[in-house]
Amino acid sequence: MSIQVTNLRKNIEQQTVLDDISFKAEGVVALLGPNGAGKSTLMKILTTYTLPTSGLAYVSDINVVEEPEKAKKIIGYLPEHNPVYLDLYVREYLEYVANVRKIPRTKVAEIVERTGLTREQNKKIKALSKGYRQRVGLAQAIIHDPKVLILDEPTTGLDPNQILEIRNLITDLGQDRTILLSTHIMQEVEAICNQVLILHQGKLVKNESLTHIIEEFQTVEKAFYQLTH
């Protein structure tokens, strides 16, 4: 249930977006970096939305380039801009996702409860707050019980209570799967992550446990600033 990347490179036109990066990720792993560092491109490669120029990427021992359909079956993905169907009801949307993934509808009730959507399940998604829309996005990402979960800024724009609830859910989910979490909230990293990856200008400038980051820099924020400023 790990993510393994070896000598991964991605060129877009004349620009090198990812520059020969290698790492292994297990547990709840923070993916950090300034805007334009290559985080979203890395996540798109891991989720088979785009191809690398060179190098290898494995998700739970599956080569995402050679076996993309097999990889998709074990990956859950919540992009930064949560692409839900706003005119559908919450339960209706999740039943649609379950049908696409060929999962019994009985799974929907379990996911609704786990993501705290029970009271909202009969509302249209467009009527939900941003926090509850994020819960719907998480629900679709985990409905097939993926071995690897990739989350792109899942708590951006949420209020403090919503942030805490989503963090608790991510921590719970991270007990039995690998989660790659992109975020700009350094306190979030210190609260729920065990490993930290920092990208800068397409290069992996740090790959350490959270414990070692704290020992070396005192805080994740200081590490981020010193390595990317």
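Structure: above.
What comes next concerns the included structure.

Cut-offs and rules
Residues numbered from 1 in each chain as written. Predicted model: local features only at pLDDT ≥ 70, side-chain atom pairs only at ≥ 80, totals over all residues. Heavy atoms only, no water. 1 Å grid on protein atoms, 1.4 Å probe; cavity = no way out; pocket = protein on both sides within 12 Å on 5 of 7 lines; lining within 4 Å. Points joined across faces, edges and corners; volume = space filled by probe spheres on them. Helix = DSSP H or I, 4+ residues; strand = E, 2+ residues; numbered from the N terminus. Nonpolar A, V, L, I, M, F, W, Y, C, P; charged D, E, K, R; others polar. Phe/Tyr/Trp six-rings, centres within 6.5 Å; stacked < 30°, edge-to-face > 60°. Core = buried A, V, L, I, M, F, W, Y, C linked by side-chain atoms within 4.5 Å. Buried < 20%, exposed > 50% of the residue type's maximum accessible area, 1.4 Å probe, protein only. Axes fitted to C-alpha atoms, helices over the stretch in contact; angles between N-to-C directions. Parallel < 35°, antiparallel > 145°, perpendicular 65-115°, else oblique. Left-handed = near helix turned anticlockwise from the far one by under 90°. Contact = heavy atoms within 4.5 Å. Salt bridge = Lys/Arg side-chain N within 4 Å of Asp/Glu carboxyl O.

1. Here's the deal with the layout of surface pockets
Here the largest pocket defines a volume of roughly 760 Å³. The dominant element in the lining of the largest pocket, judged by the number of residues it contributes, is helix H3 (residues 90-100), at four residues. Along the lines of polarity and charge, the residues of the lining of the largest pocket split into eleven nonpolar, seven polar and eight charged. The computed volume of the second largest pocket comes to approximately 180 Å³.

2. A few points about the packing of aromatic side chains
Applying the stated rule across the entire model yields three aromatic pairs. Here Tyr49 and Tyr77 contribute two aromatic rings whose centre-to-centre distance is 5.6 Å and whose plane-to-plane angle is 50°, an arrangement assigned as tilted. Highlighted residues: Tyr49 in the loop between helix H1 (39-46) and strand S4 (54-59) and Tyr77 in strand S6 (residues 75-78), separated in sequence by 28 residues. Note on Tyr85 and Tyr93: the rings are 6.1 Å apart at their centroids and 75° apart in plane angle, and the pair reads as edge-to-face.

3. Here we look at the nonpolar core
Within soluble globular proteins, side chains that are nonpolar tend to cluster in buried spots. Grouped together as the largest cluster of nonpolar side chains are 45 residues, with contacts concentrated most on Leu32, Leu94, Val136, Ile143, Leu151, Ile170 and Val189. Leu18, Ile21, Val64 and Leu197 belong to the second-largest nonpolar core, a separate cluster that totals 27 residues.

4. Regarding the packing of H3 against helix H4 (residues 106-114)
Across the interface, H3 lies against H4 with an axial gap of 9 Å and an inter-helix angle of 125°. Judged by the inter-axis angle, H3 sits oblique to H4. When the axes of H3 and H4 are compared, the crossing they make is right-handed. Within the contact between the two elements, H3 uses Arg91, Leu94, Glu95 and Ala98 and H4 uses Val108, Ala109 and Val112. Taken together, the residues that form the contact of H3 with H4 break down as five nonpolar, no polar and two charged.

5. Regarding the pattern of salt bridges
Applying the stated rule across the entire model yields 14 salt bridges. Note that Glu95 and Arg91 form a salt bridge whose closest N and O atoms lie 3.4 Å from each other. With Glu95 and Arg91 both in helix H3 and four residues apart, the pair spans about one turn of that helix. Overall, Glu95 belongs to the buried group, its relative accessible area being 19%. For Arg91, a relative accessible area of 25% puts it in the partly exposed group. Across the pair Arg167 and Glu188 runs a salt bridge, and its minimum N-O distance is 3.3 Å. Here Arg167 is found in helix H6 (residues 160-173), whereas its partner Glu188 is found in helix H7 (residues 186-192), with 21 residues between them in sequence. Here Arg167 and Glu188 have matching classes, each one buried. One continuous salt-bridge network, built from bridges that share partners, spans Arg9, Asp19 and Lys203.

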